[in-house]
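Chain by chain, the residues:
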Amino acid sequence: MTALPVPVADRGTDPDPALPDPGARHRLTAVTGLAALSLDAMASVAYGPEAIVLVLATAGGHGLGFALPVTLCIAGLLAVLVASYRQVIAAFPDGGGSYAVAGAHLGRRTALVAAASLVLDYVLNVAVAVTAGVAALTSAFPGLYGERLWICLAVLILITGVNLRGIVDSARVFIVPTAVFVTAILTLIVVGLFRDGPVSTAASEGHASALAANASTVGALLLLKAFASGCSALTGVEAMANAVPSFRAPAARRAMRAEAALGVLLGVMLIGLAVLISRFGLRPVEGVTVLAQLADASLGHNWAFYVVQFATMVLLALSANTSFGGLPVLLKLLARDNYVPHVFGLRADRQVHRHGVVWLSVVSAALLILSGGDTNTLVPLFAIGVFVGFTIAQTGMVLHWHRKRGARWVAKALLNGLGAVLTGVGAVVVTATKFHDGAWLVVIALPLLVLVLEAVHRSYGRIGERLGVGRIPEPPHRERSLVLVPVSSLTRLTSEALTAAVSLGDEVRAVTVCHPDPEDREQADALARDWALWNPGVPLVRLPSERRTLGRPVTAYVRELRAAEPDTRVTVLVPEVEPEHLWQRVLQNQRGAVVAHAVRRDTDAVVCRLRFRIGPRRGVPDACRRPPADSFPHPSSMEDVGHTGGPGPAVGNGATAHPPTRPSTGPWRSSTHPDGPVRRRAEG
């Protein structure tokens, strides 16, 4: 009876959309999404208001009066961005944020600029967040300052390990410090609003004022610089739109809720802190953060003050988790579009894009080592990429609404257009003001990364063209097959390899590399004698080599075979031992790996690596016991074993060796057996 082939589409049943998603428990809800993806934006409360105050302090006390108006402008931009990214989430539920928007409406090159800017920003965010958190720790414990780099690396390893467990597990770990930080800041604001003045100034006593001695006038340029510096508080707003697939169904709706909650919390905290700065007449001082002064003035120099400081320190260090939640998803989309290696598109258990997590950790560790764990070295590079992404996303959404023309599309397009103008101005001002402080590195790195992405895409295009991707291939056909088995001794591994080879090919040849040294010639001759005595029915081909190499003689022989028999499919079966314990791998000589690599690199032969597993010894099977003495051929017929360069027929050309006669006396022991006179190592 002939079995009818079953079409691929009929071999299984399509999943019922009504059934629950088996991976849902490893995806985010709105609350856990807020904890996993908003840490970067939440932590910016610690340095955003301070960045505004430090810029305005150059204009003296009069300049500090503009802290609240500048913060209100930033809060207005935050509202525009949150509304816009909620629209991005609804329009592009597969994630990708500005990369997806640009790819749909602004072209491939602009999409790559958006992707490259996000990649740079995510990597820098990890390094800046970890160093900032560790800096807060070393401020409280100055004795740890000399070990700050090792502490940074330890924190990075901790965050990486948590994220390798899955984004939901990371959210569960980080939800407590997030809740503590938000509660502490909101308590600080509420209590401070009921104060007529600061209850304590102990934190700032004894510290020099940061106000400029020669105060400048408050002009448009100073306000723009303060606005651009304060916009660092907006980093992380786009994380929800980049990681929509990480949410439970309905993913877009949950991500939109998390985005709205992030906007409300961040806006309330920024405006509340700005109000307290104006209410208390706060003046920045050297060595004490603005947030620390506000906590001291509002709550007093007591345990509550230290709770705020500790919560800030922890959240700053853990805010790197936003990058671990967003970048792996972005890399998955880039891998889908053939712009990064496809390995970044693979997803492990618990919905973890493991390769993206590990790559981000390695690159961030390199940045930490290069910077010595110093925050000030990395801060000038920060936030430029995210503003480029903001501008591209807003511009793309204007075109999106113009083409879709749905309900109230004009108002939506105007909203996105306003956001594009504001973030574009912010990107230019941030780049210009930080250019000489190191931002020029980002200006150079961004186009270089785009070129790398395009190079990867071209490589995949060439590979796809050669593989005929997208075209129906020719039907399969049978070819004559020849299997080569590299050997160096007679063991059970040799028998297993030849057994597998004769099952795979029409013809099988064993090959061994021979070197001209006397010791090597003696071992080769011993192997030839043992091969004839064993007589497996497979010819042994000796490959002479003047140089001490294994791979080149085998590849040269494969090329000769392909030239002589172009219609024959050559397979090289490399036998290797799979040890019982992992540590035993160091006991192997790795010759199999050397041969396999050389054949794969220099020929088009098929490489098959046979793994022979070594388990606990439980008795020797009958087939492996030493046969009686009279079952072996006589050594006098060794010349009949064909090999290149020997007196017998050249089985390397396809001739068959004649079976030798049996020995007349005495037991036989293989010369290559471990108990024999010539000790040799097994393959692998």
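Here is what the cut-offs are and how they apply
- Residues numbered from 1 in each chain as written.
- Predicted model: local features only at pLDDT ≥ 70, side-chain atom pairs only at ≥ 80, totals over all residues.
- Heavy atoms only, no water.
- Helix = DSSP H or I, 4+ residues; strand = E, 2+ residues; numbered from the N terminus.
- Buried < 20%, exposed > 50% of the residue type's maximum accessible area, 1.4 Å probe, protein only.
- Contact = heavy atoms within 4.5 Å.
- Areas by Shrake-Rupley, 256 points an atom, 1.4 Å probe, with all protein chains shown as cover.
- Pairing = 2+ DSSP bridges.
- Right-handed = clockwise from strand over helix to strand, strands pointing away.
- Phe/Tyr/Trp six-rings, centres within 6.5 Å; stacked < 30°, edge-to-face > 60°.
- Lys NZ or Arg CZ within 6 Å of the ring centre and 35° of its normal.
- Axes fitted to C-alpha atoms, helices over the stretch in contact; angles between N-to-C directions.
- Core = buried A, V, L, I, M, F, W, Y, C linked by side-chain atoms within 4.5 Å.
- Polar contact = N/O pair within 3.5 Å; in protein donor to acceptor, adjacent residues only side chain to side chain.
- Parallel < 35°, antiparallel > 145°, perpendicular 65-115°, else oblique.
- Nonpolar A, V, L, I, M, F, W, Y, C, P; charged D, E, K, R; others polar.
- Salt bridge = Lys/Arg side-chain N within 4 Å of Asp/Glu carboxyl O.
- Expected span 1.5 Å × (residues − 1).
- pLDDT = per-residue confidence, 0-100.

Chemist: Is there a simple way to explain the overall build of the protein chain in this structure?
Modeler: Across its full length, the protein chain carries 24 helices and five strands. Expressed as a percentage of the 684 residues in the protein chain, the buried residues total 49%. Sequence-distant contacts in the protein chain: of pairs separated by 6 or more residues, those separated by 24 or more amount to 81%. When the accessible area of the protein chain is evaluated, it comes to approximately 33100 Å², of which 61% is carbon and sulfur surface.

Chemist: Explain the pairing of strand E4 (residues 568-578) here, please?
Modeler: When a strand is regular, its side chains alternate between the sheet's two faces. Extensive coverage of E4 is indicated by the burial of 10 of its 11 residues. In this sheet, E4 lies alongside strand E1 (residues 480-486) in parallel orientation, the contact comprising five bridges. Bridging from a neighbouring strand, serine 481 pairs with arginine 569 of E4. Pairing of E4 with strand E5 (residues 606-613), which is carried by eight bridges, proceeds in the parallel orientation. The residue of E5 that forms the bridge with leucine 573 is cysteine 608. Where the polypeptide runs from E4 across helix H24 (residues 591-602) and back to E5, its parallel neighbour, the crossover connection is right-handed.

Chemist: When you look at the packing of aromatic side chains in this model, what are you seeing that I'm missing?
Modeler: Geometrically, a pair of aromatic rings is defined through the distance of the ring centres and the angle of the planes. This structure, assessed with the given rule, holds five aromatic pairs. Measuring from ring centre to ring centre gives 6.2 Å for phenylalanine 344 and tryptophan 359, while their planes differ by 85°; the resulting arrangement is edge-to-face. Here phenylalanine 344, found in the loop between helix H15 (321-336) and helix H16 (354-371), pairs with tryptophan 359, found in helix H16; they are 15 residues apart in sequence, far enough to count as distant. Through a chain of ring-to-ring contacts, the aromatic side chains of Tyr85, Phe387 and Phe390 assemble into a single cluster. It is lysine 412 that lies over the ring of tryptophan 401; its NZ or CZ is 4.6 Å from the centre.

Chemist: Which parts of the structure should I look at to understand the sheet that holds E1?
Modeler: Strand-to-strand pairing in sheets goes through backbone hydrogen bonds, with the strands running parallel or antiparallel. With parallel pairing, the five strands of this open sheet are ordered in space as E3-E2-E1-E4-E5. Sheet topology places strand E3 (540-544) and E5 at the edges, where each strand pairs with a single neighbour. Across the sheet, the axes of successive neighbouring strands diverge by a mean angle of 30°, strand direction being ignored. Running over the sheet, helix H21 (residues 492-504) touches E1, strand E2 (507-514), E4 and E5 and is turned about 150° from E4. Packed on one face of the sheet, helix H22 (residues 518-534) meets E2 and E3 and runs near 170° to E3.

Chemist: Please explain the nonpolar core as it appears in this structure.
Modeler: Soluble globular proteins tend to pack their nonpolar side chains together in the buried interior. Counting residues in hydrophobic clusters, the biggest one holds 143 residues, and the most contacted among them are Leu188, Leu234, Val237 and Leu294. Broken down by element, the residue count for this core peaks at 17 residues, all from helix H7 (residues 108-140). When sequence neighbours within four positions are dropped, the list of residues in contact with leucine 234 reads Ile74, Leu77, Leu78, Leu81 and Phe390.

Chemist: Is there a simple way to explain the side chain of serine 44 in this structure?
Modeler: With respect to the helices, strands and loops of the structure, serine 44 is situated in the loop between helix H2 (39-43) and helix H3 (48-56). At a separation of 2.4 Å, a polar atom in the side chain of serine 44 contacts the main-chain carbonyl oxygen of alanine 41. Once you skip the residues sitting within four places of it in the chain, serine 44 turns out to touch Pro49, Ser232, Ala233 and Leu266.

Chemist: Hey, could you run me through the packing of helix H8 (residues 148-164) against H16 in this one?
Modeler: A pair of packed helices can be characterised by two numbers: the angle between their axes and the separation between those axes. Between H8 and H16, whose axes approach to 10 Å, the crossing angle comes to 175°. Between H8 and H16, the crossing angle belongs to the class labelled roughly antiparallel. Contacts from Leu149, Cys152, Leu153, Leu156, Thr160, Asn163 and Leu164 in H8 reach Arg354, Val357, Val358, Ser361, Ser364, Ala365, Leu368 and Ile369 in H16. Per-class residue counts for the contact of H8 with H16 are 10 nonpolar, four polar and one charged.

Chemist: Can you walk me through the environment of arginine 86 in this structure?
Modeler: As for its placement among the helices and strands, arginine 86 is situated in helix H5 (residues 67-91). A residue is classified by how much of its surface remains accessible, and arginine 86, at 30% relative accessible area, is partly exposed. Remark: the alpha-carbon pair of arginine 86 and methionine 256, spanning 170 residues in sequence, is separated by 5.3 Å. With near-sequence residues (within four places) excluded, arginine 86 lies in contact with Met256, Arg257, Glu259 and Ala260.

Chemist: Would you explain the pattern of salt bridges in this entry?
Modeler: If the charged atoms of two oppositely charged side chains come close together, the side chains can form a pair. Scanning the entire structure with this criterion turns up 17 salt bridges. The partner of arginine 336 in a salt bridge is aspartate 337, with the nearest N and O atoms 3.2 Å apart. Here aspartate 337 falls in the partly exposed class, since its relative accessible area comes to 24%. Between arginine 548 and aspartate 517 there is a salt bridge; the shortest N-O distance is 3.1 Å. Taken together, the residues arginine 548 in the loop between E3 and helix H23 (551-564) and aspartate 517 in the loop between E2 and H22 connect sequence positions 31 residues apart. Residue arginine 548 is classed as exposed on the basis of its relative accessible area, which comes to 56%. Because the salt bridges share partners, they merge into one network encompassing Arg480, Glu507, Arg509 and Glu565.

Chemist: What exactly am I supposed to notice about H21 here?
Modeler: Because an α-helix packs 3.6 residues into every turn, residues spaced three or four apart end up facing the same way. With 13 residues, H21 should reach 18 Å at 1.5 Å per residue; the first-to-last C-alpha distance of 19 Å fits that figure. On its buried side, H21 packs onto E1, E2, H22, E4 and E5. Backbone nitrogen of leucine 493 and a side-chain oxygen of the N-cap are separated by 3.2 Å at the start of H21; the cap is threonine 491.

Chemist: Before we go on, may I ask you to explain the confidence of the model for the protein chain in this structure?
Modeler: Where the model shows low pLDDT, its predicted coordinates should not be examined in detail. In this model, the protein chain carries a mean pLDDT of 77, and residues with pLDDT of at least 70 account for 80%. Across residues 1-19, confidence stays below pLDDT 50; counting only partners more than four residues off in sequence or on other chains, it has one contact. Per-residue pLDDT stays below 50 along residues 619-684; that stretch engages in 129 contacts with residues further than four places along the chain or on separate chains.

Chemist: Looking at this structure, how should I read unusual backbone geometry?
Modeler: When glycine is set aside, most residues are seen to have a negative phi, and most peptide bonds are trans. Looking along the chain, the bond that leaves alanine 249 and enters proline 250 is cis, with omega of -5°. With respect to the element layout, proline 250 can be found in the loop between helix H11 (239-242) and helix H12 (251-280). The phi dihedral of asparagine 338 falls on the positive side, at around 65°, and the residue is not glycine. In this fold, asparagine 338 is placed in the loop between H15 and H16.

Chemist: Quick question: what am I supposed to make of the environment of leucine 77 here?
Modeler: As for its placement among the helices and strands, leucine 77 is situated in helix H5. For the pair leucine 77 and leucine 422, spaced 345 residues apart in sequence, the C-alpha to C-alpha distance is 7.3 Å. Every residue in contact with leucine 77, bar those within four places of it in the chain, is listed here: Phe227, Cys231, Leu234, Leu422 and Thr423.

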